[in-house]
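Observations on chain architecture
What follows is each chain in one-letter form.
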Amino acid sequence: MSIDLQFIYTSFFKILTALPLTLVITIVPLIVGFGIGLVTALIRIYQVPWIHRVAAFYVSFLRGTPMLMHLFLIYYGIPMIIDKLSERYGWAFQSASIPILVFVLIAFSLTAGAYMSEIIRSGILAVDRGQMEAAHAVGMSTSQALRRIVLPQAIGAVLPNLCSMFVGFLHGSTLAFTVSQMDILGKADVVASVSLKFLEAFIAAAVIYWGLTVIAERITALLERRVALYRKGGVS
Amino acid sequence: MGKAFDITLVLDFIPELLRYLHITLIVLGGSIVLGLVGGLLLAVPRLYQIPVLSQLATLYVSFMRGTPILIKLFLVYYGLPELLKPIGIDLSRTDPLVFVIVTYALSDAASFAEIFRGAVRSVDKGQTEAAYAAGMTTFQSFRRIVVPQALILAFPNMANTLIGSLKDTSLAFSIGVMDMVGRGQTLISATSHALEVYISLSVVYYVIVIVLEKGFTLAERRLQRHERKSTVPKPAVRAERLKRIAG
């Protein structure tokens, strides 16, 4: 077996330059998805007539189909809609002028929204109703009670889920490679194709993802200990 | 070329894609079975704290869970032939399907190991002690007493892993496997109706996932039929019993 260890080392730093794009493709969808998920979760918890069925279908469909399909559906679907509209209303605007990254971010945000909504729903439902009532009883307003009593407990309950979702989306960001984005995997592929050392380049990329995952897990463990401070058992 | 978007094509494409469903299912089935065996082998050293092996298993699980499936696919695709060349095995003509199954099996093994380890830890230690007291060996007690109980506890997580793997099979096309997505790619080249193909694919995946989820819910209920829910009888049962005693 002939593995060029030196090349793994040099390609590691070349591939690392693509880290910012990978982080953008990971973090932006999680932030946007949090907003979508929050709205979806509230719609479903409060059973808003008619819309909650749409929300339930959205969550179930996106969770029931591969992330790659979401990417392709948005990547091929949105330009078609835009070009149709532009043709009908005589806009000068063409979908070709939209960077591909935008489609990637839209697709992954929709995916993240579906998964987030389930996490948020479980977090809100995990906090006992009596907590809110007790806060009201001692004279807190609803927003105070939410901020001081309910949210800290809800965040504690869903933190492990949020971390595994971050890792999941970090790994999912590699799919952007299929629509030729220069993320870590895309860069690794270029480095590999130029030198014809595929295995070495992908080993370097794997090490980068592995490192990021381990860091994310460490941070979660620290945060978990921090948010669980109040959750002391025993009698003293 | 006809209309830019033709919704009727979605229905035409579905049977065309379903003809390649068995490839997707072979990948899924093969990798799950191998993954279960691998997961058990990985979990045991950590459960019994066997030195060296347990550390190696931890490293393996961490690497597999720390890297994206697409990277693992490429690593196996380019790495396995390199690894086997020195011992005289030539993989240059191997069906890419084999690489996909190996990748998903290696990856699933790590997930199953973690699930299984957690489940075994939730089985009361007293069960093992009771088995020893009844004269069973370590292997007998593990196989006859602990594993059956742990499998029930692990079932929901294993079902989730399986559904996740099904969705991951959509990446097999990237190393040239002719599964449903691979067939979809050729349909796109032939008809240039990409959107319709991806809608059909999504529908197919969605239906399979729903069927699997329903099946797992039923199976879970069946697996738990021996579990006693609670020592306190339900009010209706209690009323019935009281009536019988009084009557």
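Structure: see above.
Right, let's walk through the structure included here. (Residues numbered from 1 in each chain as written. Chains lettered and ligands numbered in written order. Predicted model: local features only at pLDDT ≥ 70, side-chain atom pairs only at ≥ 80, totals over all residues. Heavy atoms only, no water.)

Let us look at the overall build of chain B. Along chain B, the regular secondary structure elements total 10 helices and 0 strands. The secondary structure elements of chain B, listed N-terminal to C-terminal, are α-α-α-α-α-α-α-α-α-α. Counting every position in chain B, which comprises 247 residues, the buried fraction comes to 44%. In chain B, the share of contacts with a sequence separation of at least 24, taken over all contacts with a separation of at least 6, comes to 79%. When the accessible surface of chain B is summed, it comes to about 13600 Å², and 63% of that surface belongs to carbon and sulfur atoms. (Helix = DSSP H or I, 4+ residues; strand = E, 2+ residues; numbered from the N terminus. Buried < 20%, exposed > 50% of the residue type's maximum accessible area, 1.4 Å probe, protein only. Contact = heavy atoms within 4.5 Å. Areas by Shrake-Rupley, 256 points an atom, 1.4 Å probe, with all protein chains shown as cover.)

Moving on to the overall build of chain A. Summing up its helical and strand segments, chain A has 9 helices and 0 strands in all. Shown N-terminal to C-terminal, the secondary structure of chain A runs as helices and strands in the order α-α-α-α-α-α-α-α-α. A compact globule built from 236 residues would reach a C-alpha radius of gyration of about 18 Å, whereas chain A, at 22 Å, exceeds it by more than 25%. Of all 236 residues assigned to chain A, the portion counted as buried reaches 41%. Of the contacts formed within chain A by residues at least 6 apart in sequence, a portion of 79% connects residues at least 24 apart. About 12600 Å² of surface is accessible on chain A, with carbon and sulfur atoms providing 68% of the total. Of the charged side chains in chain A, 17 are positive and 11 negative, and the gap between their average positions amounts to 10 Å. (Rg over C-alpha atoms; globule rule 2.2 N^0.38 Å. Lys, Arg positive; Asp, Glu negative; His and termini not counted. Charge placed at Lys NZ, Arg CZ, Asp CG, Glu CD.)

With that out of the way, let us pick up the layout of surface pockets. Residue and element names in this part refer to chain A. Each pocket or cavity is described by its volume, and for the second largest pocket that value is around 770 Å³. Forming the walls of the second largest pocket are 25 residues, and the residues nearest its centre are Tyr-46, Ile-124, Leu-125, Leu-146 and Val-150. Of all the secondary structure elements, the ones that give two or more residues to the lining of the second largest pocket are helix H2 (19-45), helix H5 (100-126), helix H6 (129-137) and helix H7 (142-172). With 8 residues, the single largest contributor to the lining of the second largest pocket is H7. (1 Å grid on protein atoms, 1.4 Å probe; cavity = no way out; pocket = protein on both sides within 12 Å on 5 of 7 lines; lining within 4 Å. Points joined across faces, edges and corners; volume = space filled by probe spheres on them.)

A separate point is the interface of chain A and chain B. The partner chain B presents 33 residues to the 35 residues of chain A that form the contact. Approximately 3100 Å² of surface area, both sides summed, lies buried where chain A meets chain B, with 79% of it carried by carbon and sulfur atoms. Linking chain A with chain B are 0 salt bridges, by the criterion used here. Taken together, chain A and chain B are joined by 7 residue pairs in polar contact (both at pLDDT 80 or more). Of all the secondary-structure elements, those providing two or more residues to the side of chain A that touches chain B are helix H3 (51-64), helix H4 (67-89), H7 and helix H9 (198-227) of chain A. (Buried area = accessible area lost by both parts, 1.4 Å probe. Salt bridge = Lys/Arg side-chain N within 4 Å of Asp/Glu carboxyl O. Polar contact = N/O pair within 3.5 Å; in protein donor to acceptor, adjacent residues only side chain to side chain.)

Right, let's talk about the side chain of A:His70 for a bit. Residues and elements named next belong to chain A. Structurally, His-70 is set in helix H4. By relative accessible area, His-70 is classed as buried at 5%. What His-70 contacts, discounting residues up to four positions off in sequence, is Leu-62, Thr-65, Ala-107 and Thr-111.

We now examine the pattern of salt bridges. Counting across every chain of the model gives 9 salt bridges over all chains. With a closest N to O distance of 2.9 Å, B:Glu16 and B:Arg183 form a salt bridge. Of this pair, B:Glu16 sits in helix H1 (residues 7-18) while B:Arg183 sits in helix H8 (residues 180-191); the two residues are 167 residues apart in sequence, bridging distant segments of the chain. A network of salt bridges, in which partner residues are shared, links A:Arg44, A:Glu118 and A:Arg121.

By the definition in use, this model includes 20 aromatic pairs over all chains. Ring centres 6.3 Å apart and planes at 80° place the aromatic pair A:Tyr75 and A:Phe103 in the edge-to-face group. One end of the pair, A:Tyr75, is in helix H4; the other, A:Phe103, is in helix H5, with 28 residues separating them in the sequence. Taking the relative accessible area as the measure of exposure, A:Tyr75 reaches 24% and is therefore partly exposed. Consider the rings of A:Phe177 and B:Phe74, whose centres lie 5.9 Å apart with planes at 80°: the pair is edge-to-face. Of this pair, A:Phe177 sits in the loop between H7 and helix H8 (184-195) while B:Phe74 sits in helix H4 (residues 69-84), which puts the two residues in different chains. A single burial state applies to A:Phe177 and to B:Phe74, both of which are buried. Among the aromatic residues, ring-to-ring pairing joins A:Phe177, A:Phe198, A:Phe202, B:Phe74, B:Tyr77, B:Tyr78 and B:Phe99 into one connected group. (Phe/Tyr/Trp six-rings, centres within 6.5 Å; stacked < 30°, edge-to-face > 60°.)

So, about the packing of H4(B) against helix H5 (residues 96-122) of chain B. Residue and element names in this part refer to chain B. Running from N to C, H4 and H5 point in directions that differ by 125°, and their axes come no closer than 9 Å. Between H4 and H5, the crossing angle belongs to the class labelled oblique. As for the relative orientation of H4 and H5, their crossing is right-handed in sense. Contacts between H4 and H5 involve Ile-69, Lys-72, Leu-73, Val-76, Tyr-77, Leu-80 and Pro-81 from the first element and Phe-99, Val-100, Val-102, Thr-103, Tyr-104, Leu-106 and Ser-107 from the second. (Axes fitted to C-alpha atoms, helices over the stretch in contact; angles between N-to-C directions. Parallel < 35°, antiparallel > 145°, perpendicular 65-115°, else oblique. Left-handed = near helix turned anticlockwise from the far one by under 90°.)

Take helix H2 (residues 21-47) of chain B next. The end-to-end C-alpha distance of H2(B) is 38 Å, a good match for the 39 Å that 27 residues give at a rise of 1.5 Å each. Looking one or two residues beyond H2(B), the residue adopting positive phi is B:Gln49, at roughly 50°. (Expected span 1.5 Å × (residues − 1).)

Here the focus is the nonpolar core. A:Phe108 and B:Leu201 are the most contacted members of the largest nonpolar core, which totals 106 residues. In contact with A:Phe108, not counting residues within four places along its chain, are A:Ile25, A:Pro29, A:Met67, A:Leu71, A:Phe169, A:Gly172, A:Ser173, A:Leu175 and A:Ala176. Listed in part, the 7 residues of the second largest apolar core include B:Leu42, B:Ala57, B:Val61 and B:Met64. (Core = buried A, V, L, I, M, F, W, Y, C linked by side-chain atoms within 4.5 Å.)

Right, let's talk about helix H7 (residues 138-168) of chain B for a bit. For H7(B), built from 31 residues, the straight-helix expectation of 45 Å at 1.5 Å per residue is missed by more than 12%, its first-to-last C-alpha distance being only 37 Å. In H7(B), a bend of some 50° at B:Phe155 exceeds every other bend along the element, and B:Pro156, a proline, comes one to four places later. (Bend = angle between axes of the 7 residues up to and from the residue.)

Take the environment of B:Lys214 next. Residues and elements named next belong to chain B. Residue placement: Lys-214 occurs in helix H9 (residues 194-223). Under the relative-accessibility criterion, Lys-214 is labelled exposed at 58%. In this structure, the C-alpha to C-alpha distance between Lys-214 and Val-100, residues 114 residues apart in sequence, is 27 Å.

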